[in-house]
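Here's the letter readout for the chains.
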Amino acid sequence: MRPNRRVSQVLLVLLFAAMINLPLAHSTFTRWRVERSGEDVTATVTDHQVRDSENLLEFTFPKEVDPDQAKWTAQVDHLSYDKAVTDGTIVVRVLPGHPSSYRAEGQVTGNVGLILTLFADLALVICAWLLLRYRGRLRPELRMVALEDVQRCPPGAVLDRIDGVVYEVCGEVTAVEDDEILLEVGERSVRVFLDGHANPVGHQQPARVVGRMVG
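So, how was this worked out
- Residues numbered from 1 in each chain as written.
- Predicted model: local features only at pLDDT ≥ 70, side-chain atom pairs only at ≥ 80, totals over all residues.
- Heavy atoms only, no water.
- Helix = DSSP H or I, 4+ residues; strand = E, 2+ residues; numbered from the N terminus.
- Rg over C-alpha atoms; globule rule 2.2 N^0.38 Å.
- Buried < 20%, exposed > 50% of the residue type's maximum accessible area, 1.4 Å probe, protein only.
- Contact = heavy atoms within 4.5 Å.
- Salt bridge = Lys/Arg side-chain N within 4 Å of Asp/Glu carboxyl O.
- Core = buried A, V, L, I, M, F, W, Y, C linked by side-chain atoms within 4.5 Å.
- Pairing = 2+ DSSP bridges.
- Axes fitted to C-alpha atoms, helices over the stretch in contact; angles between N-to-C directions.

1. Looking at the overall build of the protein chain
Then, in step 1: Along the backbone of the protein chain there are 3 helices and 12 strands.
Then, in step 2: Here the protein chain has a C-alpha radius of gyration of 32 Å; the compact-globule value for 215 residues is 17 Å, and the former is much larger.
Then, in step 3: Taking the principal axes of its C-alpha atoms as reference, the protein chain extends roughly 95 × 35 × 30 Å.
Then, in step 4: By residue count, 29% of the 215 residues in the protein chain fall in the buried class.
Then, in step 5: Here the contacts in the protein chain between residues at least 6 apart in sequence split such that 64% fall between residues at least 24 apart.

Here it is in C-alpha cells:
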C-alpha cells in the first residue's frame, strides 16, 4: 500500500471515530460544565407522568434564567418525582446563559448512548482490522507471464503498463514455487509464471518483473 493511501485510510478511520464519539464526548463535557459551573435554581413543574416505569417531569426555569420560558424535561428517581409533584417545584442545576444544559435533582441518566457508542467503536475497529488484514484479498489476483528474468529492485509497489498487455511490476515476493512467484503489489497480488526465466530473488524481498498480463 502506498504511504499516501495508507495515510488517507487512517485519516478516514479517525474521522469516523470522531463522528461516532462526538455526541457522547459533547454530552460528557456538558455534564462536567454543569457540575463545575452550574447554578442551582428552583424550576416550576408544569407536567408529570409515569411512562413505562420512567418518572418524567416537565418544568420551566424562572424568567431570569430562561427568558423564553421554554419547557424542559427530565427523568428522575421515584423519591425526587414524588417530592416534585407534591411541591410543584424541583431544584435544577443549570449552566448560566445556557438553559438547555442542566441536571435536575435526582435525574436518571441512561446508558443507551454509551452502549451504542461502544458497539459502534467495536464495529469500526473490526472493520479497520479486516481492511488492513485482508486488503490484498479484496481484489482479484492478477496473473502474468514473465518475458525476462526476475530482477532485484528497491522496495516499493509498481504496476505500470509498458505496451499493450506488457507490464512492469515491482513488489514484495510473498511466495516462491518451482516456476512461479507471487508478488504483493500495493493492494494487489500478482502471480508471475516464470516460463523458464530465472528468479534470483528470495521470499519477502522486492522484485521487478516485466511480463505479459494474462488475467
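Here the narrative resumes, following the displayed structure.
2. Overview of the pattern of salt bridges
Then, in step 1: Going through the model one piece at a time under the given rule, you end up with 9 salt bridges.
Then, in step 2: In this structure, Glu 148 and Arg 208 form a salt bridge, with 3.4 Å as the shortest nitrogen-oxygen distance. One end of the pair, Glu 148, is in the loop between β6 (142-146) and β7 (151-152); the other, Arg 208, is in strand β12 (residues 206-213), and 60 residues separate them in sequence.
Then, in step 3: With a relative accessible area of 30%, Glu 148 lands in the partly exposed category.
Then, in step 4: A salt bridge links Arg 191 to Glu 177; the shortest N-O distance between them is 3.8 Å. Placement of the pair is Arg 191 in strand β11 (residues 188-193) and Glu 177 in the loop between β9 (166-176) and β10 (180-185), with a sequence separation of 14 residues.
Then, in step 5: Given a relative accessible area of 45%, Glu 177 falls into the partly exposed group.
Then, in step 6: Salt bridges linked by common partners bring Glu 141, Arg 143, Glu 177, Glu 180 and Arg 191 together as one network.

3. Here we look at the environment of Gly 97
Then, in step 1: On the secondary structure map, Gly 97 appears in the loop between β4 (89-95) and β5 (98-104).
Then, in step 2: Separated by 59 residues in the primary sequence, Gly 97 and Gly 38 have C-alpha atoms spaced 9.9 Å apart.

4. Quick look at the nonpolar core
Then, in step 1: Counting residues in each nonpolar core, the largest one holds 17 residues, and the members touching the most others are Met 144, Val 150, Val 169, Leu 183, Val 190, Val 192 and Val 209.
Then, in step 2: Secondary structure elements with two or more residues in this core: β6, β9, β10, β11 and β12.
Then, in step 3: Counting 15 residues, the second largest nonpolar core, distinct from the first, contains Phe 59, Ala 74, Val 92 and Ala 104.

5. So, the sheet that holds β4
Then, in step 1: Pairing is antiparallel in the open sheet, where 5 strands are placed in the order β3-β2-β1-β4-β5. Taken across any chain shown, the strands that pair with only one partner, and hence form the sheet edges, are β3 (72-76) and β5. For this sheet, the mean angle separating the axes of adjacent strands, direction not counted, is 50°.
Then, in step 2: As judged from the 6 bridges shared by strand β1 (residues 39-51) and β4, these two strands associate in the antiparallel manner. Considered in β4, the bridge of Ala 43 is made with Ile 90.

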